[in-house]
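Single-letter residue listing:
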Amino acid sequence: MPLLLIPGLPLISFCILIFFGRRLGKFAPVVSLAALLGSFLLSLQQWKWLAIDLHQSFVAGVDGRVAEVFEHYVWTWLTLGDHPLRMGFMADPLSVVMCLVVTGIGWLIMLYSTGYMKGDPRYSRFFAYLSLFFCAMLTLVLADNFLLLYIGWEGVGLCSYLLISFWFEKPAAANAGKKAFLTTRVGDLGLFGAILLIAKITGDLSFADLGGKAALLGGWAPVVAVLIFWGAAGKSAQFPLHVWLPDAMEGPTPVSALIHAATMVAAGVYLVARTLPLFLANAQALAVVAAVGAFTSLFAATIACTQTDLKRILAYSTLSQLGLMMLGLGTGNSFAGMFHLVTHAWFKALLFLGAGSVIHAVHHQEITRMGGLWRKMPVTAGTFLLASVAMAGIPPFSGYWSKEGLLTAISSSLPPVYLAAAMLVSLLTAFYITRAVVLTFFGAPREESHAHESPAVMTVPLMVLAIGAAGIGLLGSPWLGHGMQHFMGAEAGHHEAPHWLESASVLIASAGIALALVRYGLGWQLLPEGLRVSLRPLYRLVAGKYFVDELYELALLRPVRWISQKLFGFDAGVVDGAVNGAGEAGLRLSRVKRWVDEHWVDGAVNGTAWSAGQAGGMLRLLQTGLVQNYLLVASAGALAIFFILR
Amino acid sequence: MIIPLSHMLVVSAGLFALGIFGALTRRNAIGILMAIELILNSANLNLIAFGRARGDVGGETQVVALIVIGIAAAGAVVGLALVLAIFRHRQTISADEIKLLKG
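Residues numbered from 1 in each chain as written. Chains lettered and ligands numbered in written order. Predicted model: local features only at pLDDT ≥ 70, side-chain atom pairs only at ≥ 80, totals over all residues.

Visitor: Would you take a moment to explain the overall build of chain B for this structure?
Guide: Helix and strand counts for chain B stand at three helices and zero strands. Beginning at the N terminus, the succession of helices and strands in chain B can be written as α-α-α. On C-alpha atoms alone, chain B measures out to a radius of gyration of 17 Å, which is more than a quarter above the 13 Å that the 2.2 N^0.38 rule sets for 103 residues. Counting over 103 residues, chain B shows a buried share of 10%. (Helix = DSSP H or I, 4+ residues; strand = E, 2+ residues; numbered from the N terminus. Rg over C-alpha atoms; globule rule 2.2 N^0.38 Å. Buried ≥ 20, exposed ≤ 12 C-beta atoms within 10 Å, placed from the backbone.)

Printed below as a string of structure tokens:
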């Protein structure tokens, strides 16, 4: 039952805020914060139970995984024929870790939003939407079957739409919301198809025994796995469905931090991790995951190096890191991807909130117009720097440990080309994040601004997140005995990485940082003039985001628009013509009918009345009113009867 | 002296004819009422004559005739009241001029 309350509390909060939020005014966040704190504490309790369970099975000498007894709440939703449709929540290690990430980071971001959104006319509605988002996300995470997961999945998509276009007065925000909704919907179609196939072939939608289901699916298994991945790619913004995420930065910054960096986009990674047995059953599907992940990661990292909008840099960096997580899952080791998801959630939320703090102060997002901000906003600068270092993968911060895990998994189970791609991504990551930090916070101010440090309600979450971003990775490090790996049932240290890997990754990250420092800190040109000129088209290609949006415009939107114009023409000419023609014909026919009615039908009716009137006129002559007339007639009649009957 | 039945029937028929004639020809409403009384009395006469002819000695038929007379008196009262009411309204009792029910 407490399990039901984890998504239930935010739902209650949503109901209160959507109906009474306006009356609560500036106290609205208190409700949502309290509800989410409750969810967080309940998740913590679940974690504690699981940890005790793990400890006991360890003491009892049971090998490997945590005993499969965990909180599991099931009920029958409805019965179709003799197929009961079961719904259920379950708290296994995977979902509990996700729950803690979502509610923990979510709570800090919500606290931050109370400061960031201050003075917004729809203040309480923002927190209502956030509450609904948490309800949907926690439902997704705790679901024990595909159907409930899909419900949460769609709920999350809806909230994403509502929150991206929260400032719907801005056309860009409204369009970005629409784009996000439609693009993820294309992905959802894949997941939906996969669910239909699983329901049709196996008749059971629960997550139990996915390996057995994969065997039942037989030839359909790769199709189902790829369809699930297609859905995950939509939500986690993998190529080619990545186009919505950078545009989603039009939403309020806490939304970007919460949904488009820390939690919601992780839903796709979570889905793949959850259904990994389906992928493990066939190598092709796993290869697709790895390939798309690696490609997206590299693709987005190069774009991030060329952007000048602070939030867009972070958006492409998110794409790139999500790609890395997918690549990690593509090794068949769910822990590698999930661990990176957890650490990424912390440092990326921190980066976004730091960016929000900067934008709050300078009122624009162009890093080329910033500079020297560290003096004016030391807390923001310090925490941002820490998160950057964590993301770049410098030990002992969190990003280092998870990236280490990823690289180890990749080197041991995938071809070397993937390792090279991951290495290149970590070089680029270090480069672009250092570039952003240097241009934003250091050097001489490039523009007069009256920037100032944000209020405490915004900086305190930054500091708490900074602690997480620095230290969360230690949970999975050898220093703490691979605690997280044990908790999630991953075999720690199973894959032996080559010794050079560790130092190589640190070296590469440092190289990236150094390059960016030399180029943007000292202002040296790294490449000779001639090479730069010849590379300019390439730069334009990357800075234009490989023109994927334009390609979609050309290949999809134009034809659709052309077809719809033709269809409109058909509609206006033929269909409207037919409808109007039918109307015209009806009008003509009714005129004829009216003539018939007036002349024939009315004639008959009036004729009947007229003849009755005439007959009456004749008969009324008999009615003289003279009593003696009547008497005479009566007497004559009596006489006549007398003579007839005689 | 015994008066034969036929004589009485002739007198009765004569009274009846007078009554009908009066009722059809009089213009005065009171005259018409009086003529109707004649008709009723001719009927009474007929009744008693037939009663005697069938050997009624106890006078049962005569009682019926008395009832007819009483009812005729009551009818005359109603008729006269109507005539009075009409006179008050229209200042006339001529049957020619009273034709409210003309179609």
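Visitor: Looking at this structure, how should I read the interface of chain B and chain A?
Guide: Between chain B and chain A, the residue contacts involve 10 residues of the former and 10 residues of the latter. When its residues are assigned to classes, the side of chain B that touches chain A shows six nonpolar, one polar and three charged. (Contact = placed C-beta atoms within 7 Å. Nonpolar A, V, L, I, M, F, W, Y, C, P; charged D, E, K, R; others polar.)

Visitor: What exactly am I supposed to notice about the pairing of strand β2 (residues 83–90) of chain A here?
Guide: A regular strand places its side chains so that they alternate between the two faces of the sheet. Residues and elements named next belong to chain A. Taken together, the eight bridges between strand β1 (residues 72–80) and β2 define a ladder with antiparallel strand orientation. Counterpart to Thr 79 in the pairing with β2 is Pro 84. Hairpin connection, β1 to β2: the antiparallel pair is bridged by two residues, and Gly 81 has positive phi, about 60 degrees. (Pairing = 2+ DSSP bridges.)

Visitor: Please explain the nonpolar core as it appears in this structure.
Guide: General note: in soluble globular proteins, nonpolar side chains tend to be found buried as a group. Grouped together as the largest cluster of nonpolar side chains are 202 residues, with contacts concentrated most on A:Phe133, A:Phe229, A:Val272, A:Val289, A:Ala349, A:Leu350 and A:Ala469. Take this core: its biggest share by element is 17 residues, from helix α15 (residues 334–362) of chain A. (Core = buried A, V, L, I, M, F, W, Y, C linked by C-beta atoms within 7 Å.)

Visitor: When you look at unusual backbone geometry in this model, what are you seeing that I'm missing?
Guide: Trans is the prevailing form of peptide bonds, just as negative phi is the prevailing case for residues other than glycine. Residues and elements named next belong to chain A. The linkage connecting Phe 239 with the following residue, Pro 240, adopts the cis geometry, with an omega of 5 degrees. With respect to the helices and strands, Pro 240 occurs in the loop between α8 (221–235) and α9 (244–247). With a phi angle near 55 degrees, Ala 237 is a residue other than glycine that sits in the positive phi range. As for its position among the elements, Ala 237 is in the loop between α8 and α9. Among the residues examined, Ala 237 registers 28 C-beta atoms within 10 Å and is labelled buried.

Visitor: I'm lost on helix α3 (residues 93–116) of chain A in this one. Help?
Guide: Since the α-helix packs 3.6 residues into each turn, any two residues three or four apart lie on the same face. Compared with the 34 Å implied by 1.5 Å per residue over 24 residues, the 34 Å span of α3(A) between its first and last C-alpha is a close match. Counting buried positions along α3(A) gives 23 out of 24 residues, so the element sits mostly inside the fold. (Expected span 1.5 Å × (residues − 1).)

Visitor: For this particular structure, what's the right way to read the confidence of the model for chain B?
Guide: Of the residues in chain B, 98% reach a pLDDT of 70 or more, and the chain-wide mean stands at 88. We note a pTM of 0.72 for the whole complex and an ipTM of 0.79 for its interfaces. (pLDDT = per-residue confidence, 0-100.)

Visitor: What's the story with helix α14 (residues 310–330) of chain A in this structure? I'm lost.
Guide: Residue and element names in this part refer to chain A. Here α14 is 21 residues long and its end C-alpha atoms lie 30 Å apart, about the 30 Å a rise of 1.5 Å per residue gives. Across the 21 residues of α14, 21 count as buried, placing the element largely inside the fold. One or two steps after α14, the chain reaches Gly 332, where phi turns positive at roughly 90 degrees.

Visitor: Honestly, the packing of α3(A) against helix α10 (residues 253–262) of chain A in this entry has me stumped. Any pointers?
Guide: The relative placement of two packed helices is expressed as an angle between their axes plus a distance between the axes. Residue and element names in this part refer to chain A. Relative orientation of the contacting elements α3 and α10 amounts to 160 degrees, with a least axis distance of 9 Å. Here α10 runs roughly antiparallel to α3, going by the angle between their axes. Considering the relative orientation of α3 and α10, their crossing is left-handed. Facing α3, whose interface residues are Ile 105, Gly 106, Ile 109, Tyr 112, Ser 113 and Tyr 116, α10 presents Thr 253, Pro 254, Ala 257, Leu 258 and Ala 262. Broken down by class, the residue content of the contact of α3 with α10 amounts to eight nonpolar, three polar and no charged. (Axes fitted to C-alpha atoms, helices over the stretch in contact; angles between N-to-C directions. Parallel < 35°, antiparallel > 145°, perpendicular 65-115°, else oblique. Left-handed = near helix turned anticlockwise from the far one by under 90°.)

Visitor: I would appreciate a short explanation of the packing of α14(A) against α15(A) in the present structure.
Guide: All names here are of chain A. Between α14 and α15, whose axes approach to 9 Å, the crossing angle comes to 175 degrees. Our classification of the angle between α14 and α15 gives roughly antiparallel. Contacts between α14 and α15 pair Leu 310, Lys 311, Leu 314, Thr 318, Gln 321, Leu 324, Met 325, Met 326, Gly 328 and Leu 329 from the former with Ser 334, Ala 336, Gly 337, His 340, Leu 341, His 344, Lys 348, Leu 351, Phe 352, Ala 355 and Val 358 from the latter. Of the residues assigned to the contact of α14 with α15, the class counts are 12 nonpolar, seven polar and two charged.

Visitor: In this structure, what is going on with the environment of A:Leu132? I would like to understand it.
Guide: Residue and element names in this part refer to chain A. Relative to the elements of secondary structure, Leu 132 occurs in helix α4 (residues 123–142). Separated by 152 residues in the primary sequence, Leu 132 and Gln 284 place their C-alpha atoms 37 Å from one another. When neighbours within four sequence positions are excluded, Leu 132 is seen to be in contact with Phe 14 and Cys 159.

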